[in-house]
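Spelled out, the chains give:
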Amino acid sequence: MGDMLVTAWDRKNLLQLEGLTRDELIELIDLAQTHLDVVKRKEPALKTLDGKLVANLFFEDSTRTRCSFAIAARRLGAEVVDLSTTGSSVSKGETIVDTAHTVEAMGVDAIVMRAKPSGAAHLVAQSVQAPVINAGDGRHEHPTQGLLDLLTMRQHLGDMSTRTVVIVGDIANSRVARSNVHALTTIGAHVRLIGPPTLVSKSFESIAQGPGSVIVDHDFDVALEDADVVMMLRVQLERQAGGNIPEDYRELYGLSKKRASRLKPETIVMHPGPMNRGLEIDSEVADDASRSVILQQVTNGVAVRMAVLEMLIPSS
Ligand code: CP
């Protein structure tokens, strides 16, 4: 994204994980960890953001991110206003920036935004005074997904430095992969990006920062033997991935029960959702509670979004 960026983590906005330090990443997931009992309804909701108003602007479909930002805000005592393309004046051609200005003029305290163009959240952050949280922008980043993934890995494996994380599938179209690569390499983990040459290129090896590393390869069967984490990605048919999928994609890159049986006993299986069952992951693996942490990722997502809202919305 280059120099056009508003600072990644200026404690006003959360636009990307690229550029956050190890300490900043750890601070965010430490705070999220403290909210888990509230998320699991073992402790009462908090009042930290009592009287605040969060705008959820989702100009691209979402189940997990949209619901969990709304739930996170409410668990902190804030109210939520929810907007999508359908049913808003975006469908009449109003720009995303004008829409953000409009909701800001109504007195919102933070804007959570998902949009199709890469860089959309940055554009809005440059235009409004309210904190902006990127809930996924095109192929660029999905920072709260990267944080919830990091928290989930730490819960199972402890310190992730020197661990090996294998991310498999449609890397080229994946903002989840980019956010994970930035966070994991900053923490010191070794990331192996696996997929067909049409969906992952060697250029990803140069985006690593910090002590960790990135290797691009195309052989899942070799990579899975060393994996501490296997993260399966959705083939994003809506982002032109369809034409780039080889006919034998499932055989070469799908996580079948047979393939999963070759993983180390402690290796965890992740997926950001939504899943294409029977394509990138088989149901026997996705639903295997001894390895699959997919629903734990969802639960952690609420806690991470609570932490981010709490950190960015100034208390009155
Ligand atoms: N993982 C994720 O972003 O899922 P949604 O598209 O359902 O929000």
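Quantities reported herein were computed from a predicted structural model and do not represent experimental measurements.

Thresholds, definitions, all that
- Residues numbered from 1 in each chain as written.
- Predicted model: local features only at pLDDT ≥ 70, side-chain atom pairs only at ≥ 80, totals over all residues.
- Heavy atoms only, no water.
- Salt bridge = Lys/Arg side-chain N within 4 Å of Asp/Glu carboxyl O.
- Buried < 20%, exposed > 50% of the residue type's maximum accessible area, 1.4 Å probe, protein only.
- Helix = DSSP H or I, 4+ residues; strand = E, 2+ residues; numbered from the N terminus.
- Axes fitted to C-alpha atoms, helices over the stretch in contact; angles between N-to-C directions.
- Parallel < 35°, antiparallel > 145°, perpendicular 65-115°, else oblique.
- Contact = heavy atoms within 4.5 Å.
- Nonpolar A, V, L, I, M, F, W, Y, C, P; charged D, E, K, R; others polar.

In this section: the pattern of salt bridges. Following the criterion strictly, the structure yields 14 salt bridges and no others. Notably, a salt bridge pairs Glu205 with Lys202, separated by 3.3 Å at the nearest N-O pair. For Lys202, a relative accessible area of 53% corresponds to the exposed category. Residue Arg277 pairs with Asp287 through a salt bridge whose shortest N-O separation is 2.9 Å. Of the two residues, Arg277 sits in the loop between strand 9 (268-270) and helix 11 (283-286) while Asp287 sits in the loop between helix 11 and helix 12 (294-312), which places them ten residues apart along the sequence. Here the salt bridges share partners, and the residues they tie into one network are Asp221, Glu225, Arg259 and Arg262.

Let us now look at the packing of helix 1 (residues 22-34) against helix 6 (residues 143-157). Angle between the axes and distance between the axes are the two parameters that describe a pair of packed helices. The geometry of helix 1 relative to helix 6 is characterised by a closest axis approach of 10 Å and an angle of 70° between their N-to-C directions. The angle between helix 1 and helix 6 falls in the class roughly perpendicular. Facing Leu25, Ile26, Leu28, Ile29, Asp30, Ala32 and Gln33 of helix 1, the residues of helix 6 in contact are Leu147, Leu150, Leu151, Arg154 and Gln155. Split by residue class, the contact of helix 1 with helix 6 holds eight nonpolar, two polar and two charged.

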